[in-house]
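Notes for the structure review
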Amino acid sequence: MSLFNSASKHRLLFIRMWRFPKAVDCHEHNRVNNTRRSSKSKVSGVRQPDGKASPNKLENPGRVSSELQKLAHEDFSSEWERPAILKPSVESSDQHEIVFGVAPCLLALTQARRKPFKLFVKDGEAAHRSSLLKVCEEANQRQVPIQRVSKKDLDRMCLGRIHQGVCLRATPLSYLTEDSASSSNSTPLWLVLDGIQDPMNLGAILRSAYFLGVDRVASSVHRSCPLTPVVSKASAGIMEVMNVYGYEDLADMVRVKAAHGWQVVGTVAAEVRESGLPVTPCSDFRMTTPTLLLIGGEGDGLSRKLLNFCQTLVTIPAGRQLLPGVESLNVSVATGILLHSLLASTRLT
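Description of the structure in this document.

The rules behind each value
Residues numbered from 1 in each chain as written. Predicted model: local features only at pLDDT ≥ 70, side-chain atom pairs only at ≥ 80, totals over all residues. Heavy atoms only, no water. Helix = DSSP H or I, 4+ residues; strand = E, 2+ residues; numbered from the N terminus. Contact = heavy atoms within 4.5 Å. Buried < 20%, exposed > 50% of the residue type's maximum accessible area, 1.4 Å probe, protein only. Pairing = 2+ DSSP bridges. Axes fitted to C-alpha atoms, helices over the stretch in contact; angles between N-to-C directions. Core = buried A, V, L, I, M, F, W, Y, C linked by side-chain atoms within 4.5 Å.

1. A closer look at the environment of Gly 266
- Within the secondary structure, Gly 266 sits in strand S10 (residues 263–267).
- Those residues in contact with Gly 266 that lie beyond four places of it in its chain are Leu 294, Leu 302, Cys 310, Thr 312, Leu 313 and Val 314.

Given below as structure tokens:
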């Protein structure tokens, strides 16, 4: 039994003729006459001086639907060649990297956790925006050289990411390892991240943690995203402000805290019941003692090793019957909801 009916075959042939005129001409020619003769397609590209056909201009646009013409213009640039891949104009290394965006650059300068080498600012009227002027003022106060460059140069520095007209070459940031800071909060909350690998998720989590008042963010060093400029941009520069601690063995840190009376709270999807631990909706949970909130990675969630330390589990109930495949939230969104719920419960008690 044929997989396609006759109308489907004709539609497929027409699309192939539109996108690949030469190949279809040869196929049709061999099928009908089985002889070698030249043929010309009804729909073909306009010849360029170099002899190449440009498929984004059609000889007979009236015979092609407006939707197909639109797709042709969207699929191909004005030139036949593909755009070149951007290469960084200033290479990153172990000694320096390129921070990009107004907030990350400004906070990198004011917080002084990095050593800045040079500030690159887009030349032209954009350089007179108040936000960029403020970054330049901070750089001047710290005697950081400022260089005016083109937008194309900035695009290359940050590999085409959104830089808002400014980049900063500075030393990298890494996870803190010294465990000397203490909290004055009587009921501190530590956010423990187990294998967050997406830099956009990590940046969004740091932004929420800072805004909501988390006392410390701890992360596994292995299988986790490093503190990169992409994370800083996604966090709106909060990565430049907030201390993020890295642990070779998260389970060992959790075990020590649990031995000192800290409550270990894990997070799971609403339908998970396999652990045997009680699962409480986050709106019903009350945080009354120092707490570790454990958040698992994007794919596998919390590791079994960390789940063994959990005394209870919290979840976010859905507001409707969910379809298969969309039973969970993005990890950064879920973390923000859980942090707000737990920290709000301390005010209620």
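2. Examining the side chain of Glu 138
- Within the secondary structure layout, Glu 138 lies in helix H5 (residues 130–141).
- The class of Glu 138 is buried, set by a relative accessible area of 15%.
- Sequence-distant contacts of Glu 138, defined by excluding residues within four places in its chain, comprise Leu 106, Leu 109 and Thr 110.

3. Re the sheet that holds strand S6 (residues 166–170)
- Strand order in the open sheet formed by 4 strands is S3-S6-S4-S5, and the pairing between neighbours is mixed. Because the sheet does not close on itself, it has two edges, and the strands there are strand S3 (97–100) and strand S5 (146–149). Ignoring which end each strand starts from, the neighbouring axes of this sheet average 25° apart.
- Pairing analysis gives 4 bridges linking S3 to S6, with the strands arranged antiparallel. Pairing of Phe 100 across the sheet is with Cys 167, part of S6.
- On top of the sheet, helix H4 (residues 102–111) reaches S3, strand S4 (116–122) and S6; it is set at about 40° to S6, its chief contact.
- Most of the contacts of H5 go to S4, to which it runs at about 155°, and overall it touches S4, S5 and S6.

4. Description of H4
- Every buried residue of H4 is listed here: Val 102, Pro 104, Cys 105, Leu 106, Ala 108 and Leu 109.
- Elements in contact with the buried residues of H4: S3, S4, H5, S6 and helix H8 (229–234).
- Looking one or two places after H4, you find Ala 112, whose phi comes out positive at around 60°.

5. Overview of the nonpolar core
- Ranked by size, the top nonpolar core spans 31 residues in total, and within it Leu 189, Leu 191, Leu 193, Leu 202, Val 214, Val 217 and Leu 293 carry the most contacts.
- In terms of residues, this core owes the most to one element, helix H11 (residues 331–348), which gives 5 residues.
- With residues up to four places along the chain from it excluded, the contact list for Leu 202 reads Tyr 175, Leu 193, Ile 196, Cys 225, Pro 226, Leu 227 and Val 231.
- Counting residues in each nonpolar core, the second largest holds 20 residues, with Tyr 247, Val 254, Val 264 and Val 279 among its members.

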